[in-house]
Amino acid sequence: MDQASLAARLNTRWLGRAFEWRASCGSTNDLAAERARAGAPTGLVIVADAQTAGRGRLGRRWHSPADENLYLSIVLRPTRPPSEIPPITLLAGAAVARALTTFGLQPRLKWPNDVELVDETGRRRKVAGVLTEMASAGGSALHVVVGIGINANAVEFPPEIAERATSLRRALGRAIDRVALLAALLDAFEPLSEEFDRRGPAAAVEAFEAHAAFPAPCRVTALGRPGEQIEGLALGVEPDGALRLQDETGQIHRVISGELS
Ligand code: BTN
């Protein structure tokens, strides 16, 4: 993948116009953060064909073999304050969902960072994930790195995720051109990012909810409170990005950070 082949397909003004491709790196998120600290512009996109230390949320590993999938990180310099940055994860999920829709798929977003496809047996399987990381100082977000992994052409997965994962290739029955996929993603993300700068988290929540599907009933493990689980019905996402959940007594909980199952 090179800058010229991407540029030939891109319709963006600023996103992906600065671009770096690596055959392999530890994590594109780490490389992007390094570039951001060195002054990289907003909209820089880093893609690696393989990652040796691909990271997922909650300290998990992201399966990142060569020649198959899309691993990228976007450097953003949003104008919003640090407290409003976490919903960028929802925004990025919505961008992935919009891009996959252009391939004829019907993706479903699972709060906060999973993109899923429903397989032929009706089972929801993860096809992509988002990992947003921020550096802030003195009440301002210095930069944000939005890491996105999309299982594009994987046909096999390690046993620990084989039951829950899928790829675009599996869903569509054909191989996917990763440059076309990246261009579709960046085309979808740029207007969302501009809207986020104008309107903040509400823009992210609206875009997310257009593709959201909540398992019902669901169990949420609230982060930072080990062992604390709340079971109930997900009612939706609040304007600030928190998940709204109603337990069996009718009480409403706001979950700021957690995991749904
Ligand atoms: C998740 O679902 O837990 C988030 C997965 C994010 C994976 C991507 S791949 C590109 C970027 N670099 C990383 O190390 N992680 C993200």
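Residues numbered from 1 in each chain as written. Predicted model: local features only at pLDDT ≥ 70, side-chain atom pairs only at ≥ 80, totals over all residues. Heavy atoms only, no water.

Peer 1: So what exactly am I meant to see when it comes to the overall build of the chain here?
Peer 2: The number of helices and strands found in the chain is seven helices and twelve strands. For the chain, the spread of C-alpha atoms along the principal axes amounts to about 55 × 50 × 30 Å. Per-residue burial for the chain yields a buried fraction of 52% across its 261 residues. The long-range share in the chain, meaning contacts at least 24 apart out of those at least 6 apart in sequence, stands at 62%. Carbon and sulfur atoms provide 50% of the accessible area of the chain, an area that totals close to 11600 Å². In the chain, 30 side chains carry a positive charge and 31 a negative one; their mean positions are 1 Å apart. (Helix = DSSP H or I, 4+ residues; strand = E, 2+ residues; numbered from the N terminus. Buried < 20%, exposed > 50% of the residue type's maximum accessible area, 1.4 Å probe, protein only. Contact = heavy atoms within 4.5 Å. Areas by Shrake-Rupley, 256 points an atom, 1.4 Å probe, with all protein chains shown as cover. Lys, Arg positive; Asp, Glu negative; His and termini not counted. Charge placed at Lys NZ, Arg CZ, Asp CG, Glu CD.)

Peer 1: Any chance you could explain unusual backbone geometry here in plain terms?
Peer 2: Negative phi characterises most residues that are not glycine, and trans characterises most peptide bonds. Of note, the amide linkage connecting Trp111 to Pro112 takes the cis form, showing an omega dihedral of -5 degrees. Following the sequence through the fold, Pro112 ends up in the loop between β4 (108–110) and β5 (114–118). The phi angle at Leu58 is positive, at roughly 60 degrees, despite the residue not being glycine. Relative to the assigned elements, Leu58 resides in the loop between β2 (45–51) and β3 (70–76). In this structure, Asp67 takes a positive phi of about 70 degrees despite not being glycine. Position of Asp67 among the secondary structure elements: in the loop between β2 and β3.

Peer 1: I would appreciate a short explanation of the side chain of Lys110 in the present structure.
Peer 2: For Lys110, the position within the fold is in strand β4. Not counting the four nearest positions on each side in its chain, Lys110 is found in contact with Glu116, Arg124, Phe208, Ala213 and Leu260.

Peer 1: Looking at this structure, how should I read the site of the ligand?
Peer 2: Taken together, 20 residues surround the ligand, and among them Ser27, Gln51, Arg55, Arg57 and Lys126 come closest. Contacts to the ligand include Ser27, whose side-chain N or O atom sits 2.7 Å from an oxygen atom. One of the side-chain N or O atoms of Thr28 is found 3.1 Å from a nitrogen atom in the ligand. Expressed as a share of its isolated accessible area of 420 Å², the protein-covered part of the ligand is 98%. Secondary structure elements with two or more residues in the shell around the ligand: α2 (28–37), β3, β6 (124–137) and β7 (140–150). Per-element accounting of the shell around the ligand gives the leading share, four residues, to β6. Of the residues contributing to the shell around the ligand, the split by class is six nonpolar, eleven polar and three charged. (Near = heavy atom within 4 Å. Polar contact = N/O pair within 3.5 Å; in protein donor to acceptor, adjacent residues only side chain to side chain. Nonpolar A, V, L, I, M, F, W, Y, C, P; charged D, E, K, R; others polar.)

Peer 1: What's the story with the sheet that holds β4 in this structure? I'm lost.
Peer 2: Either a parallel or an antiparallel arrangement is found when strands of a sheet pair, and the pairing is made through backbone hydrogen bonds. Read across the open sheet, the seven strands follow the order β1-β2-β3-β7-β6-β5-β4; overall the sheet is mixed. A single partner strand is all that each edge strand has here, and the edge strands are β1 (19–25) and β4. Mean inter-strand twist for the sheet, computed between neighbouring axes without regard to direction, equals 20 degrees. Two strands pair when backbone bridges link them, and β6 and β7 are joined in this way by ten bridges, in the antiparallel orientation. Across the sheet, residue Ala135 finds its bridge partner in β7, namely His143. On the sheet, helix α6 (residues 178–199) packs against β1, β2, β3 and β7 and is oriented at approximately 25 degrees with respect to β3. (Pairing = 2+ DSSP bridges. Axes fitted to C-alpha atoms, helices over the stretch in contact; angles between N-to-C directions.)

Peer 1: Help me understand the pairing of β3, please; the structure alone is not making it clear to me.
Peer 2: The side chains of a regular strand alternate, first on one face of the sheet and then on the other. Burial analysis of β3 places seven of its seven residues in the buried class, the great majority of the element. Residues Leu70, Leu72, Ile74 and Leu76 point to one face of β3 and Tyr71, Ser73 and Val75 to the other, with burial holding for every one of them. As paired strands, β2 and β3 are joined by four bridges and run antiparallel to one another. Residue Val45 lies in a different strand from β3, and its bridge partner there is Ile74. Sheet topology note: the β3/β7 ladder contains seven bridges and is antiparallel. What sits directly across from Leu70, in β7, is Ile150.

Peer 1: I'm lost on the pairing of strand β8 (residues 218–222) in this one. Help?
Peer 2: Residues Cys218, Val220 and Ala222 of β8 are buried on one face, while the alternating residues Arg219 and Thr221, pointing to the opposite face, are not. With four bridges connecting them, β8 and strand β9 (residues 229–237) associate as antiparallel partners. Within β9, the position partnered with Cys218 by the bridge is Gly232.

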